[in-house]
Amino acid sequence: IPSANWAGRCTSLAPAPSPDSAAPRRALLLCSLLVGLCHSSCRALRLREAERAEQQGDDAEALACYKRLYQSLSPRERSLRARYARAQGRLALVLGQYERAYSRLSTALRLERDSLGLAAELGQAALSTARYEEAARWGQLLQAVDKSAAKARRLLASSQLAARTA
């Protein structure tokens, strides 16, 4: 709180910090650092659990792990949010919920634009939801990137066949 002294200069009425007041601040900083480290290691563990479940083909468990992880994410963590959306999309495909799968995979690709595997999955979801032209575009894009990609050829052929017979 400033006050003017007799010479018109501004001085503070707050007491000068004592050397002992630095110790609680250091303890608080140390405590917040430890909480941050524990939080990071907990997130890393959840991520490993989700990845392990994905590798084992357990889509439901992977989704549950990603959901626990997702609940603590900030909007800036695009890669992890994309993984969660991808896991949701994969599970929806397995369950035959094709519109939901398409929506979640689209979200994942918006968050992680350079994933060719994700583009292939979105193309398959587009095919499953009768978006044949879009599926064909994804197939063409994938084939342009990798001429030998069997997934791209299958997606392109399937979408063209479906478009002709629809």
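Reading guide: rules and limits
Residues numbered from 1 in each chain as written. Predicted model: local features only at pLDDT ≥ 70, side-chain atom pairs only at ≥ 80, totals over all residues. Heavy atoms only, no water. Helix = DSSP H or I, 4+ residues; strand = E, 2+ residues; numbered from the N terminus. Buried < 20%, exposed > 50% of the residue type's maximum accessible area, 1.4 Å probe, protein only. Contact = heavy atoms within 4.5 Å. Areas by Shrake-Rupley, 256 points an atom, 1.4 Å probe, with all protein chains shown as cover. Phe/Tyr/Trp six-rings, centres within 6.5 Å; stacked < 30°, edge-to-face > 60°. Lys NZ or Arg CZ within 6 Å of the ring centre and 35° of its normal. Expected span 1.5 Å × (residues − 1). Polar contact = N/O pair within 3.5 Å; in protein donor to acceptor, adjacent residues only side chain to side chain. Core = buried A, V, L, I, M, F, W, Y, C linked by side-chain atoms within 4.5 Å. Axes fitted to C-alpha atoms, helices over the stretch in contact; angles between N-to-C directions. Parallel < 35°, antiparallel > 145°, perpendicular 65-115°, else oblique. Left-handed = near helix turned anticlockwise from the far one by under 90°. Nonpolar A, V, L, I, M, F, W, Y, C, P; charged D, E, K, R; others polar.

### A look at the overall build of the protein chain
Item 1. Across its full length, the protein chain carries seven helices and two strands.
Item 2. Starting at the N terminus and walking to the C terminus, you meet the elements of the protein chain as β-β-α-α-α-α-α-α-α.
Item 3. The buried share of the protein chain, reckoned over its 166 residues, is 31%.
Item 4. Put simply, of all contacts in the protein chain between residues at least 6 apart along the chain, 39% involve residues at least 24 apart.
Item 5. Counting only carbon and sulfur atoms, one obtains 57% of the accessible surface of the protein chain, whose full area is about 10800 Å².

### Overview of the packing of aromatic side chains
Item 1. This structure, assessed with the given rule, holds zero aromatic pairs.
Item 2. One residue, Arg131, lies across the ring of Tyr102, its end atom 3.8 Å from the ring centre.

### Quick look at helix α4 (residues 98–111)
Item 1. Relative to the 20 Å expected for 14 residues at 1.5 Å per residue, α4 spans 20 Å between its end C-alpha atoms, a close match to the ideal helical length.
Item 2. All of the buried residues in α4 are Ala101, Tyr102, Leu105, Ser106, Thr107, Ala108, Leu109 and Leu111.
Item 3. Buried residues along α4 sit in contact with α3 (78–94), α5 (116–128) and α6 (132–145).

### Focus on α5
Item 1. In this model α5 runs 18 Å from its N-terminal to its C-terminal C-alpha over 13 residues, within 8% of the 18 Å that 1.5 Å per residue would give.
Item 2. Buried residues of α5: Leu118, Ala119, Ala120, Glu121, Leu122, Gly123, Ala125, Ala126 and Leu127, and no others.
Item 3. Elements that come into contact with the buried residues of α5 comprise α3, α4, α6 and α7 (150–165).
Item 4. The N-cap of α5, judged by a side-chain oxygen 3.1 Å from the amide nitrogen of Leu118 a few residues on, is Ser115.

### Digging into the nonpolar core
Item 1. In terms of nonpolar packing, the biggest core is built from 19 residues, with Leu122, Trp138, Leu142 and Leu155 touching the most fellow members.
Item 2. The set of elements that each furnish at least two residues to this core consists of α4, α5, α6 and α7.
Item 3. With seven residues, α5 is the largest single contributor of residues to this core.
Item 4. When neighbours within four sequence positions are excluded, Leu155 is seen to be in contact with Ala120, Gly123, Gln124, Leu127, Ala135, Trp138, Gly139 and Leu142.
Item 5. With 11 residues, the next largest nonpolar core counts Cys65, Tyr66, Leu69 and Leu73 among its residues.

### Here's the deal with the packing of α6 against α7
Item 1. It is the contact of α6 with α7, at a shortest axis distance of 8 Å, that shows an interaxial angle of 155 degrees. Classified by the angle between their axes, α6 and α7 sit roughly antiparallel to one another. Between α6 and α7 lies a crossing whose hand is left-handed. Facing Tyr132, Ala135, Ala136, Trp138, Gly139, Gln140, Leu142 and Gln143 of α6, the residues of α7 in contact are Ala152, Arg153, Leu155, Leu156, Ser159, Ala162 and Ala163.
Item 2. Considered class by class, the residues forming the contact of α6 with α7 number 10 nonpolar, four polar and one charged.

### Describing the packing of α3 against α5
Item 1. Packing of α3 against α5 brings their axes to within 11 Å, and their N-to-C directions diverge by 35 degrees. Judged by the sense of rotation from one axis to the other, the crossing of α3 with α5 is left-handed. Mapping the contact onto sequence places Arg86, Arg90 and Leu93 in α3 and Gly117, Leu118, Glu121 and Ala125 in α5.
Item 2. Class assignment for the residues of the contact of α3 with α5 results in three nonpolar, one polar and three charged.

Nothing here speaks to function; it is all geometry.
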